[in-house]
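Report on the structure
Chain by chain, the residues:
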Amino acid sequence: MNEKVKYWTELSEYDIKTAEAMLQSKRYLYVGFMAHQAIEKILKAYFVNVTDETAPFSHSLSFLAKQSDIFKNLSEE
């Protein structure tokens, strides 16, 4: 696995585990925040994997999905 992809993937996994810990402690605001962080980082991992470029500096999930060319595959469901 590409080292940059591994970097983003590991951070995403860490954030998901943190979200789970926050859920257990009923800190719901932080569950949402950490879930967003995890999704952001996995989108960056995907972007790096597909383009072999540095991930964009953005926190916008829709922007990252568009840059990765997977936005068209997403639906409201």
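Everything numeric in this text was worked out from a predicted model, so none of it was measured.

This part covers a nonpolar patch on the surface. A grouping of Leu 29, Tyr 30 and Phe 33 is seen on the molecular surface, where their side chains present a nonpolar patch of about 350 Å² in accessible area. You can call Tyr 30 partly exposed: its relative accessible area is 39%.

By the element assignment, Ser 58 lies in the loop between helix 2 (28-51) and helix 3 (61-67). When neighbours within four sequence positions are excluded, Ser 58 is seen to be in contact with Glu 40, Lys 44, Phe 63 and Leu 64.

Taking 1.5 Å of rise per residue, 24 residues should cover 34 Å, and helix 2 covers 35 Å from first to last C-alpha, within 8% of that figure. Those residues of helix 2 that fall on the buried side of the exposure criterion are Val 31, Met 34, Gln 37, Ala 38, Glu 40, Lys 41, Leu 43, Lys 44, Ala 45, Phe 47 and Val 48. Directly after helix 2, the chain includes Asp 52, whose backbone phi takes a positive value near 60 degrees.

Core analysis: the largest hydrophobic core is formed by 6 residues, namely Val 5, Trp 8, Ala 45, Phe 47, Val 48 and Ala 55. Those elements that place two or more of their residues in this core are helix 1 (3-24) and helix 2. A total of 3 residues in this core trace back to one element, the largest contributor, which is helix 2. Those residues within four positions of Val 5 in sequence are excluded, and the remaining contacts are Ala 45, Val 48 and Asn 49.

Bringing unusual backbone geometry into the picture now. Look at Lys 26: it is not a glycine, yet its phi comes out positive at around 60 degrees. On the basis of relative accessibility, which here comes to 60%, the residue Lys 26 falls in the exposed class. Phi at Asp 69 is positive, roughly 65 degrees, even though this residue is not glycine. With respect to the element layout, Asp 69 can be found in the segment after helix 3.

Reading the values: the criteria
Residues numbered from 1 in each chain as written. Predicted model: local features only at pLDDT ≥ 70, side-chain atom pairs only at ≥ 80, totals over all residues. Heavy atoms only, no water. Patch = residues over 30% accessible without salt bridge, like charges linked within 9 Å, V, L, I, M, F, W, Y side chains within 5 Å. Areas by Shrake-Rupley, 256 points an atom, 1.4 Å probe, with all protein chains shown as cover. Salt bridge = Lys/Arg side-chain N within 4 Å of Asp/Glu carboxyl O. Buried < 20%, exposed > 50% of the residue type's maximum accessible area, 1.4 Å probe, protein only. Helix = DSSP H or I, 4+ residues; strand = E, 2+ residues; numbered from the N terminus. Contact = heavy atoms within 4.5 Å. Expected span 1.5 Å × (residues − 1). Core = buried A, V, L, I, M, F, W, Y, C linked by side-chain atoms within 4.5 Å.

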